[in-house]
Amino acid sequence: MASMNSFLACLTLIFFTSLHGFVEADNPTINFDWTVSYSQMAPLGIEKQIIVINDQFPGPLLNATTNDIVNINVHNNITEPFLLTWNGVQQRRNSWQDGLQETNCPILPGKNWTYSFQMKDQIGSFFYYPSLLLQKAGGGYGPIRVNNRILIPIPFPKPLDEFDILIGDWYNSDHRDMRSSLDEGTLLPPDPDGILINGLGPYETNFTLQPGATYRLRISNVGLKTSLNFKIQDHPMLLVETEGSYTVQQYYESLDIHVGQSYSVLVTANQSANAYYMVAGSRFLDTEISGVGVLRYAGFQGDPTGPLPTGPDPMDYAYSIDQANSIRWDSAVGAATPNPQGSFHYGQINVSRTIVLQNGVATFGNHTRYIVNGISFVHPDTPLKLIDYFRLHDVVVLDTAPDFPDGRPPVLGTSVIYATYREFIHIVFENTQPKLQVWHLDGYIAFVVGMGVGPWDDSKRSTYNLFDAVSRSTVQVYPFSWTSIMMELDNQGMWNIRSQDAEKSYLGQELYMRVKGKGEDDPSSVPTRDEAPVPENLIRCGKAPSV
């Protein structure tokens, strides 16, 4: 009987491994069923067709815990191909589920597909959004929470409640018209039509606070391209977490939150029992634009009084840089594992490779395109993940992205960095342009070890924070400046590195990083393979062979 039970247990493990990739036994499975459709709404007073999920805008909360297995069945009821990507969530060894154009074939109109992945060892605040066809400009986004396991305490008293606050710029134009403009060579207006808070216009987002209670606000900038400054009238915010890292706890009167970034703050209702403004104001635009919500103490029926709370001067980059440098990793507390965050001594690991990624702008014909190390990304008709898995190397010529800008004339190409599992690498993002740039790493978080003005060179290493640099997936690079990150390549797969400015990424400012096991391409060796197998429900498109 014992032998039979062992056999059955083995079969069960094999079944879940084939369905979900390499999963750990006894981890909870949570299931979601989401329908994507259109709805007519007017967040800023002008009606627009908006992408909703289960008739909600923003979409439903994805609430999970470290190591959970998540199944999300997505029904596409809109008229375009559709995918969701999980901004900042590190699917454990499973880029098959990343939901981008080069990792997944799209869910066609009228079809459904189930994402199935396991949360990596992480906690924190994140969000999801549509990744194709500039659909993010039409909505379709929603919040993600990854909670601590019960055995790992949070490093602050449990708040009475948590609020997800999604802030972002908003254009009244239809996302298809915006996409057509980009395709025809006309860039988007520099200023949006407004700022939304949780999909609503001015003064429409309201939260009720119990006097004396403390709340956790999980704030994400889900917009297309505008950096925002977030503040609450008469209430300082205690920063406690950003994108999977618990931070040294410090109070801020306001926080710069760049596109794609997420923060958790604690706010205590310790003022008079009134109503207070909550403001998300634009940064680095010639015209200051604000979204306004309301925090109202329980029992108070009136509206806020007085002027809106002010933040830094809209063009004050020095304030933003100083604030970014003040955010530190709390190395003494645990997060996803019982060990303190600081038990991973990243500053003592030898860097095996340095890569400098320089953004730029170029003109091809009459069209403006954006480049990385001289290459503007062009999508092939078969996703890179499928090209790689099925070895379809005659389908498209892949451009090996140079490790450093080499002065090549700008070209259109399909740019890939090839890297090896368990390498520890150093990436420098160099911004040659007069506008702030934001970069995102799919599948990874990285230590933001340095920022500086001007071009980067080896001498800048002496300025790096090699002890308590914050670890996150989305980093800003200030105008004519650089930002350096370090990370261990502990997640095999095909992972996207992109500008978080939706306009720039749509027009070519992205590339992919193929992280493979040692010996994986050598038929005479036993490869180090630690990646989930191809999912049974794989959607095939382009030149990928049919089943």
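Here is a short report on the structure shown in this document. (Residues numbered from 1 in each chain as written. Predicted model: local features only at pLDDT ≥ 70, side-chain atom pairs only at ≥ 80, totals over all residues. Heavy atoms only, no water.)

1. Brief notes about the pattern of salt bridges
Enumeration over the complete set of coordinates arrives at 22 salt bridges. Between Glu162 and Arg218 there is a salt bridge; the shortest N-O distance is 2.8 Å. In this pair, Glu162 is assigned in strand E9 (residues 161–170) and Arg218 in strand E12 (residues 214–221), connecting sequence segments 56 residues apart. An identical accessibility class is assigned to Glu162 and Arg218; each is buried. A salt bridge links Arg283 to Asp256, with the nearest nitrogen and oxygen atoms 2.9 Å apart. Linking Arg283 in the loop between strand E18 (275–282) and strand E19 (290–297) with Asp256 in strand E16 (residues 254–257), this pair joins segments that are 27 residues apart in sequence. You'll find Arg283 and Asp256 in the same group, each marked buried. (Salt bridge = Lys/Arg side-chain N within 4 Å of Asp/Glu carboxyl O. Helix = DSSP H or I, 4+ residues; strand = E, 2+ residues; numbered from the N terminus. Buried < 20%, exposed > 50% of the residue type's maximum accessible area, 1.4 Å probe, protein only.)

2. Remarks on the state of the cysteines
Enumeration according to the criterion identifies one disulfide in this entry. Each sulfur in the disulfide pair Cys105 and Cys541 lies 2.1 Å from the other. Residues Cys105 and Cys541 are joined through a disulfide that is left-handed, its torsion about the S-S bond being -85°. With a gap of 436 residues between them, Cys105 in the loop between strand E5 (84–87) and strand E6 (112–118) and Cys541 in the segment after strand E32 (510–516) connect regions that are remote in the sequence. When its relative accessible area of 3% is taken as the criterion, Cys105 is described as buried. (Disulfide = S-S within 2.5 Å.)

3. What to know about the environment of Gln358
Mapped onto the fold, Gln358 is located in strand E20 (residues 353–364). On the accessibility criterion, Gln358 (24% relative accessible area) is partly exposed. In sequence terms Gln358 and Asn431 are 73 residues apart; their C-alpha atoms lie 6.1 Å from each other. When neighbours within four sequence positions are excluded, Gln358 is seen to be in contact with Ile371, Val372, Asn373, Pro405, Glu430 and Thr432. Side-chain polar atoms of Gln358 contact the side chain of Glu430, separated by 2.7 Å. (Contact = heavy atoms within 4.5 Å. Polar contact = N/O pair within 3.5 Å; in protein donor to acceptor, adjacent residues only side chain to side chain.)

4. Regarding the sheet that holds E5
Strand pairing within a sheet occurs via backbone hydrogen bonds; the two strands may be parallel or antiparallel. Strands sit in the order E3-E8-E7-E5 across an open sheet of four strands; the sheet is mixed. Both outer strands of the open sheet, strand E3 (62–65) and E5, are each paired with one neighbouring strand and no more. Across the sheet, the mean angle from the axis of one strand to that of its neighbour is 25°, orientation sign disregarded. Relative to strand E8 (residues 142–147), E3 runs parallel, the two sharing four bridges. Across the sheet, residue Ala64 finds its bridge partner in E8, namely Val146. (Pairing = 2+ DSSP bridges. Axes fitted to C-alpha atoms, helices over the stretch in contact; angles between N-to-C directions.)

5. What to know about the nonpolar core
Judged by nonpolar contacts, the single largest core of 57 residues is most densely connected at Ile165, Leu217, Phe230, Phe429 and Met513. Once residues lying within four places of it in the same chain are set aside, the contact partners of Phe429 are Leu357, Trp439, Leu441, Val475, Val477, Ser481, Trp482, Thr483, Ile485 and Ile497. (Core = buried A, V, L, I, M, F, W, Y, C linked by side-chain atoms within 4.5 Å.)

6. A closer look at the side chain of Ser262
Tracing the backbone through its elements, the reader meets Ser262 in strand E17 (residues 262–268). Of the polar contacts made by the side chain of Ser262, one reaches the side chain of Ser220; its length is 2.6 Å. Those residues in contact with Ser262 that sit more than four places away from it in its chain are Ser125, Phe126, Phe127, Ile219, Ser220, Thr242, Glu243 and Arg472.

7. As for the sheet that holds strand E1 (residues 29–41)
An order of E2-E1-E4-E6 is seen for the four strands of this open sheet, with the pairing classed as mixed. Only two strands of the sheet have a single neighbouring strand rather than two, namely strand E2 (48–53) and E6. Across the sheet, the axes of successive neighbouring strands diverge by a mean angle of 20°, strand direction being ignored. In the sheet, E1 pairs with E2 via six bridges, with the strands oriented antiparallel. Bridge assignment links Gln40 to a residue of E2, and that residue is Gln49.

8. Structural notes on helix H3 (residues 317–326)
Regarding H3, the residues found buried are Tyr317, Ser320, Gln323 and Ala324. Within H3, the buried residues cover an arc of 130° as seen down the axis, which keeps them to one side. Where H3 begins, the side chain of Asp316 points an oxygen toward the backbone nitrogen of Ala318, at a separation of 3.2 Å. (Arc of directions from axis to C-beta.)

9. Section: unusual backbone geometry
With an omega dihedral of -5°, the bond running from Phe57 to Pro58 counts as a cis peptide bond. Turning to its location among the elements, Pro58 is positioned in the loop between E2 and E3. The residue Asn198 is not glycine, and still its phi comes out positive at about 55°. One can find Asn198 in the loop between strand E10 (194–197) and strand E11 (206–209).

10. Overview of the pairing of E32
Within E32, six of the seven residues are buried, leaving the element largely enclosed by the surrounding structure. Bridge count between strand E24 (residues 411–420) and E32: five bridges; the pairing is parallel. Of the residues in E32, the one forming a bridge with Tyr418 is Arg514. Two strands pair when backbone bridges link them, and strand E31 (residues 493–499) and E32 are joined in this way by six bridges, in the antiparallel orientation. Note on E32: the bridge partner recorded for Ile497 is Leu511.

11. Notes on the packing of aromatic side chains
Tallied over the full model, the rule gives 27 aromatic pairs. Centre to centre, the rings of Tyr276 and Tyr297 are 5.5 Å apart; their planes meet at 50°, and the pair counts as tilted. Taken together, the positions of Tyr276 in strand E18 and Tyr297 in strand E19 put the pair 21 residues apart, joining distant regions of the chain. Residues Tyr276 and Tyr297 agree in their burial class; the two are buried. The interplanar angle of 5° and the centroid separation of 4.2 Å between the aromatic rings of Phe284 and Tyr317 together place this pair among those described as stacked. Highlighted residues: Phe284 in the loop between E18 and E19 and Tyr317 in helix H3, separated in sequence by 33 residues. Taken as a pair, Phe284 and Tyr317 share a single burial class, namely buried. Through a chain of ring-to-ring contacts, three or more aromatic side chains come together here, namely Phe32, Trp34, Trp86, Trp113, Tyr115, Phe117 and Tyr128. The aromatic ring of Tyr129 is capped on one face by Lys136, whose charged end is 4.4 Å from the ring centroid. (Phe/Tyr/Trp six-rings, centres within 6.5 Å; stacked < 30°, edge-to-face > 60°. Lys NZ or Arg CZ within 6 Å of the ring centre and 35° of its normal.)

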